[in-house]
Amino acid sequence: MLSLIAKDVKFNLKYVIIATLFLLIAPIILVKGEGTTSQFFAVVLYFPLLVVNYIIGKFCYIEDSTYTLNFVKSLPISKYKRVGSRYLEGILLVFFTTAYCTFIEQTFFIKDPSVSLQYFSISASVYIAYLGLYLGLFYFKNYQLAQQSLSIAFIIFFAVVAIFKYFNLDLQIQLSSFLLISIFIISSSLCFLSYFLVCKKK
């Protein structure tokens, strides 16, 4: 499975480098000066979404071509490993991007590590569930339909920002460990269910 991930990175190295540089630089440029609510959620939610969608989207776009699809299916690799490598790539990306953006958020916005950890847990949970949706749509339908899920994610992002601004909500949320763990378990289960259904179909 790791060899499949290494293959994807090698074939898409240019896009991986572009996305990584964007992730490393863009949040720092954005938060210069006074941090606003919009900037905060851009770092916590928007940038991880863009990077995960961009890289996984490129992997899926190439795989969606008839030649590549036939080549991949001809490899002596079980469908569970083939599909599982794509899900594992996404999960690793989710944790890497959310961890870095949480570090930026902790540095420039909220100085309380416990609150930052809560945002990390929520962001990671949300994007693991989103990953399951994206890859489920990709394998059940096609790349174009999977990409449309990004529009839904953007609408949710802007809705969250609007709600926090309109009600002037405090960014320093306090959620119980039980709730955070429950959200993570639910999102992980949804992602695993997506993987299981895709494997059953294929």
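Residues numbered from 1 in each chain as written. Predicted model: local features only at pLDDT ≥ 70, side-chain atom pairs only at ≥ 80, totals over all residues. Heavy atoms only, no water.

Asks: What is the right way to look at the nonpolar core in this model?
Replies: Within soluble globular proteins, side chains that are nonpolar generally end up buried alongside one another. Grouped together as the largest cluster of nonpolar side chains are 51 residues, with contacts concentrated most on F41, I56, Y87, Y119, Y134 and L135. Listing elements by their share of this core, those giving two or more residues are α2 (13-30), α3 (37-63), α5 (79-108), α6 (113-140), α7 (143-166) and α8 (177-201). (Core = buried A, V, L, I, M, F, W, Y, C linked by side-chain atoms within 4.5 Å. Buried < 20%, exposed > 50% of the residue type's maximum accessible area, 1.4 Å probe, protein only. Helix = DSSP H or I, 4+ residues; strand = E, 2+ residues; numbered from the N terminus.)

Asks: Which parts of the structure should I look at to understand a nonpolar patch on the surface?
Replies: Together, V9, L13, I17, L21, L24, I25 and I29 give the surface a local cluster of nonpolar side chains, amounting to about 580 Å² of exposed area. Looking at the nonpolar patch, the element that brings in the most residues is α2, giving six residues. For L24, the location among the structural elements is in helix α2. (Patch = residues over 30% accessible without salt bridge, like charges linked within 9 Å, V, L, I, M, F, W, Y side chains within 5 Å. Areas by Shrake-Rupley, 256 points an atom, 1.4 Å probe, with all protein chains shown as cover. Salt bridge = Lys/Arg side-chain N within 4 Å of Asp/Glu carboxyl O.)

Asks: Mind showing me how you'd approach the packing of aromatic side chains here?
Replies: Each aromatic ring pair is characterised by the separation of its centres together with the angle its planes make. Applying the stated criterion across every chain, the model contains eleven aromatic pairs. Consider the rings of F95 and F120, whose centres lie 6.2 Å apart with planes at 50°: the pair is tilted. Of the two residues, F95 is situated in helix α5 and F120 in helix α6; the sequence distance between them amounts to 25 residues. Judged by relative accessible area, F95 falls into the partly exposed class, the value being 30%. Between F192 and Y195, the aromatic rings sit 6.1 Å apart at their centres with planes inclined by 50°, giving tilted as the arrangement. Here Y195 and F192 lie together in helix α8, a separation of three residues that amounts to about one turn. We classify Y195 as buried; its relative accessible area is 18%. Three or more aromatic residues link up through ring pairs in this structure, and these residues are F22, Y46, F47 and F154. One residue, K58, lies across the ring of Y15, its end atom 4.6 Å from the ring centre. (Phe/Tyr/Trp six-rings, centres within 6.5 Å; stacked < 30°, edge-to-face > 60°. Lys NZ or Arg CZ within 6 Å of the ring centre and 35° of its normal.)

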